[in-house]
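Tertiary structure, described
Here is what each chain is made of, one letter per residue.
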Amino acid sequence: MTHLIPSAQRRDFLKFMAAASGTLPFVVQAQSNWPSKPVTMVVPFPAGGGTDAFARPLSAQFAKLTGKQLIIDNRGGAGGTLGAGIAAKSAPDGYNYFMGAVHHTIAPSMYPKLDYDLERDLVPLILVANVPQVLVVNPKKVTAADFKSFLDVVKKNPGRLNYGSAGGGTSHHLAGELFKLQTQTFITHIPYRGAGPALQDLIAGNVDMMFDGLGSSAAHIKGGRIKALMVSGAKRNAAFPDVPCSAELGLPDYTVSTWYGVWAPKGTPADAQARAIEEIRRACLTDEAKAVWANQGAEFPNLTSNQFEAFIKKELTKWSQVVKASGAKLD
């Protein structure tokens, strides 16, 4: 009996219903105007790491497509959790975003007192890249010709070799713990404030090895500064076809990938979220981005936000089980 509702209330009701269905002109207009100013994306690691390897090309393509800057704000520390906490507390105005990684689904099992909750305080938008992890060594310090001879050295010299990581509780750290668990070996963990600093110390010979995302190691492998002995997973990577995969080396259950995704602070307007997803997807599908991704052995999964959210839930469960089984602790 809508004829009994006062006209002003009826207009408000119709506006509400139109907005809910996405048909109201001013909602479309609000979406089409985004972004009207520069957008900030927190990257929770120092420059030069795996997250940067995708965030900065993404930023460049975003600017070309939208005419607005995507400012990368590097906030390293505490295995990526410092930056995540900063991002979770940023203004939910549609202009603040966060590029996190697999590390952030490990952190809840490793850090007992995080000042944010990944599922409560941040909204998953889009998975940007998926990259297998790779075992890399400094060829001057680890002279093994292949994985088999390397493993022999590790088994005969427990604790002598060390590995750098992006920090306690990151995938680099857990990949090393999983490797130790599955090969029944012992190597010493050396945590850094990000993959970039760890990688630089590996190249300099200050650490022996790393379990790194292929994205940040790719250029250094190709340049001969570090050597790849194994790529994680059931198949070889197309960008590095000469590097054997873990399955063919007798480690079929050693499957670790480094992935990177974008979140928004809880409360970010739905229209801004939708436009951010649209523009990030367009940026990742440009020829320039595809070339960068392929060169780093990465893929763009092109998931919906709901699929990304389901993926995150699976990763949280998976890594909690790995942490428990390996007994991994913060150094």
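Attention here is on the structure that accompanies the text. Counting starts from 1 at the beginning of each chain's written sequence and moves along it residue by residue. Given that this is a predicted model, residues contribute local features only at a pLDDT of at least 70 and side-chain atom pairs are listed and counted only at 80 or more, while totals for whole chains, interfaces and linings are drawn from all residues. Think of the side-chain values as coming from all heavy atoms in the structure, minus any hydrogens and water.

Topic: helix α3 (residues 50-66)
- Under the DSSP-based scheme used, a helix requires at least four consecutive residues in state H or I and a strand at least two consecutive residues in state E, with every element numbered from the N terminus. Take the number of residues in a helix, subtract one, and multiply by 1.5 Å to get its expected span. Look at α3: 25 Å from first C-alpha to last across 17 residues, which is about the 24 Å you get at 1.5 Å a residue.
- Summary of the burial criterion: residues with accessible area below 20% of their type's maximum are buried, those above 50% are exposed, and those between are partly exposed, where the area comes from a 1.4 Å probe applied to protein chains only. Taken together, the buried positions of α3 are occupied by G50, T51, D52, A53, F54, A55, P57, L58, S59, Q61 and F62.
- Within two residues after α3, G67 carries a phi angle of roughly 80°, on the positive side.

Concerning the nonpolar core
- Of all hydrophobic cores here, the largest spans 51 residues; its most connected members are Y97, M99, L125, V128, V262 and W293.
- Broken down by element, the residue count for this core peaks at eight residues, all from strand β4 (residues 122-137).
- The criterion used for residue contact is that any of the two residues' heavy atoms lie within 4.5 Å. For V262, the contacting residues outside a window of four places in its chain are M41, Y97, F98, M99, V123, P124, L125, I126, V128, I280 and F308. Think of a nonpolar core as a cluster: buried Ala, Val, Leu, Ile, Met, Phe, Trp, Tyr and Cys residues, connected wherever their side-chain atoms sit within 4.5 Å.

Notes on the pattern of salt bridges
- Here, a salt bridge means any Lys or Arg side-chain nitrogen found within 4 Å of an Asp or Glu carboxyl oxygen. All chains considered together, the criterion is met by 13 salt bridges.
- The partner of D121 in a salt bridge is R120, with the nearest N and O atoms 2.9 Å apart.
- Of the residues examined, D121 reaches a relative accessible area of 18% and is grouped as buried.
- Here R120 falls in the exposed class, since its relative accessible area comes to 52%.
- Across the salt bridge formed by E315 and K318, the nearest N and O atoms sit 4.0 Å from each other. On the criterion of helical spacing, the pair formed by E315 and K318 is a turn pair, its members being three residues apart in helix α13 (residues 305-326).
- Overall, the relative accessible area of 28% leaves K318 in the partly exposed class.
- Each of R275, E278, E279 and R282 takes part in a single network of salt bridges with overlapping partners.

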